[in-house]
Amino acid sequence: RGSVLEVISQDYVRTAQSKGLPPRAVLYKHVLRTALIPIITVVGMQFGALIGGTVLVETVFNWPGLSSLLLQSIQQRDYPMVQGAVLTVALLFIAVNLLTDLLWAFVDPRIQYAGGR
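Parameters and conventions
Residues numbered from 1 in each chain as written. Predicted model: local features only at pLDDT ≥ 70, side-chain atom pairs only at ≥ 80, totals over all residues. Heavy atoms only, no water. Helix = DSSP H or I, 4+ residues; strand = E, 2+ residues; numbered from the N terminus. Expected span 1.5 Å × (residues − 1). Contact = heavy atoms within 4.5 Å. Core = buried A, V, L, I, M, F, W, Y, C linked by side-chain atoms within 4.5 Å. Buried < 20%, exposed > 50% of the residue type's maximum accessible area, 1.4 Å probe, protein only.

1. Comments concerning helix α3 (residues 23-61)
Side chains of residues three or four places apart in an α-helix project in the same direction, reflecting 3.6 residues per turn. Between its terminal C-alpha atoms α3 stretches only 49 Å, short of the 57 Å expected from 39 residues at 1.5 Å a residue. On its buried face, α3 sits against α1 (2-8), α2 (11-18), α4 (66-75) and α5 (79-107). Immediately downstream of α3, the backbone of asparagine 62 shows phi near 55°, a positive value.

Have a look at this one:
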């Protein structure tokens, strides 16, 4: 809500409204696309906390999962399994960050790949 309210007061939104665009078009094309950038960022960053929270949830509810496997492997000193579980979690985190970056570029066309120049 705060992000939308901040974007609504921008000059380009007033310009779109003064051009005579329908309010729905202004809202979807100009306001929501720009307001989604901070929301996507927060959701992407919260994924790391979500992964950390699985350790607690799997331990409390005694659910089998990657975190339980990791803790059990640490207790049994099974280092190859610990490395594999940590690598899996790291790859999952990197994939979510990549997805976040791709969503940024999809939502806001002003964000472009700057490499190769």
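2. What about the nonpolar core?
Ranked by size, the top nonpolar core spans 6 residues in total: Val7, Val13, Ala16, Val26, Val31 and Ala35. Of all the elements in the fold, those that place two or more residues in this core are α2 and α3. Looking at which element gives the most residues to this core, the answer is α3, with 3 residues. Each residue touching alanine 16, except ones within four places of it in the same chain, is listed here: Leu21, Val26 and His30.

3. Description of the environment of valine 86
If you trace the backbone, valine 86 turns up in helix α5. Overall, valine 86 belongs to the partly exposed group, its relative accessible area being 45%. Counting along the chain gives 19 residues from valine 86 to serine 67, while the straight-line C-alpha distance between them is 9.5 Å.

Interpretation note: all reported values are geometric properties and have no functional meaning in isolation.
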